[in-house]
Amino acid sequence: MESDIDRNKLKEIRYMLNNYKKIDSLINKRKDKLFSRIKTSKNAWLMSKSQLKGSTIEDIVSDMDDDSTLQRLYSWKEVLRDFSICMYENEDYLLSSFFKLKYLDQKDDKEITKTLELKKKEIDYIEDKIIEEVYRYAKRNHFYILNGDDLRAIRKSYSNI
């Protein structure tokens, strides 16, 4: 199934899973980047009155509401939070334990191998299975429809964080 997932979506899912605990800091970094554009001079205020968009605090806050990178990060946070709840309710002990160790506790493969008594191939298989499940969950919950699917913009937005 992993081969059915677009390569860019696959990279994005892996990135978001591996940075699940850091999504709030990614959001804050993006907000800081937007706030760094603020100009507080009288001239900036006058220019904002004569232009559609300026660099005043009000303009930047307005931009935050429309910022696609921020919206996508908020959406990923929600999708992964809901998915992790589903993983806890999952009756497959191995799958839920792996998810907890790998993505919530940020353990490396060596520790996972020791804890769950798995081989490298089994770890790779379970990791692929989780990625596929996240993709299906996101797709089922219309993540890609609601957040757009312009993959060039996705790549660009994550490089701008």
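Placed above this text is the structure.
These figures come from a predicted structure and were not determined experimentally.

Conventions adopted
Residues numbered from 1 in each chain as written. Predicted model: local features only at pLDDT ≥ 70, side-chain atom pairs only at ≥ 80, totals over all residues. Heavy atoms only, no water. Axes fitted to C-alpha atoms, helices over the stretch in contact; angles between N-to-C directions. Helix = DSSP H or I, 4+ residues; strand = E, 2+ residues; numbered from the N terminus. Parallel < 35°, antiparallel > 145°, perpendicular 65-115°, else oblique. Left-handed = near helix turned anticlockwise from the far one by under 90°. Contact = heavy atoms within 4.5 Å. Expected span 1.5 Å × (residues − 1). Buried < 20%, exposed > 50% of the residue type's maximum accessible area, 1.4 Å probe, protein only. Phe/Tyr/Trp six-rings, centres within 6.5 Å; stacked < 30°, edge-to-face > 60°.

Asker: Let's hear about the packing of helix H5 (residues 68-89) against helix H8 (residues 120-140): which residues, and what values?
Answerer: In a packed pair of helices, the relevant descriptors are the angle between the two axes and the axis-to-axis distance. In the contact formed by H5 and H8, the axes pass within 10 Å of each other and the chain directions differ by 120°. Of the possible angle classes, the one that applies to H5 and H8 is oblique. Note on packing geometry: the crossing formed by H5 with H8 is right-handed. Contact residues: Trp76, Val79, Leu80, Asp82, Phe83 and Cys86 in H5; Ile130, Glu133, Val134, Tyr137 and Ala138 in H8.

Asker: Run through H5, naming residues and quoting values.
Answerer: In an α-helix there are 3.6 residues to a turn, and that puts residues three or four apart on one side. Taking 1.5 Å of rise per residue, 22 residues should cover 32 Å, and H5 covers 32 Å from first to last C-alpha, within 8% of that figure. Along H5, the positions that sit buried rather than exposed are Thr69, Leu70, Arg72, Leu73, Ser75, Trp76, Val79, Leu80, Phe83, Ser84 and Met87.

Asker: Let's hear about the packing of aromatic side chains: which residues, and what values?
Answerer: Going through the model one piece at a time under the given rule, you end up with 4 aromatic pairs. Geometrically, the ring pair formed by Trp76 and Phe143 is tilted, given 4.5 Å between the ring centres and 50° between the ring planes. One end of the pair, Trp76, is in helix H5; the other, Phe143, is in helix H9 (residues 143-146), and 67 residues separate them in sequence. Look at Phe143 and you get buried, because its relative accessible area is 2%. With 5.6 Å between their ring centres and 75° between their planes, Phe83 and Phe99 make a pair best called edge-to-face. One end of the pair, Phe83, is in helix H5; the other, Phe99, is in helix H6 (residues 93-104), with 16 residues separating them in the sequence. Note on Phe83: relative accessible area 4%, which makes it buried. Through a chain of ring-to-ring contacts, the aromatic side chains of Phe83, Phe99, Tyr103 and Tyr137 assemble into a single cluster.

The analysis is restricted to geometry; functional conclusions fall outside its scope.
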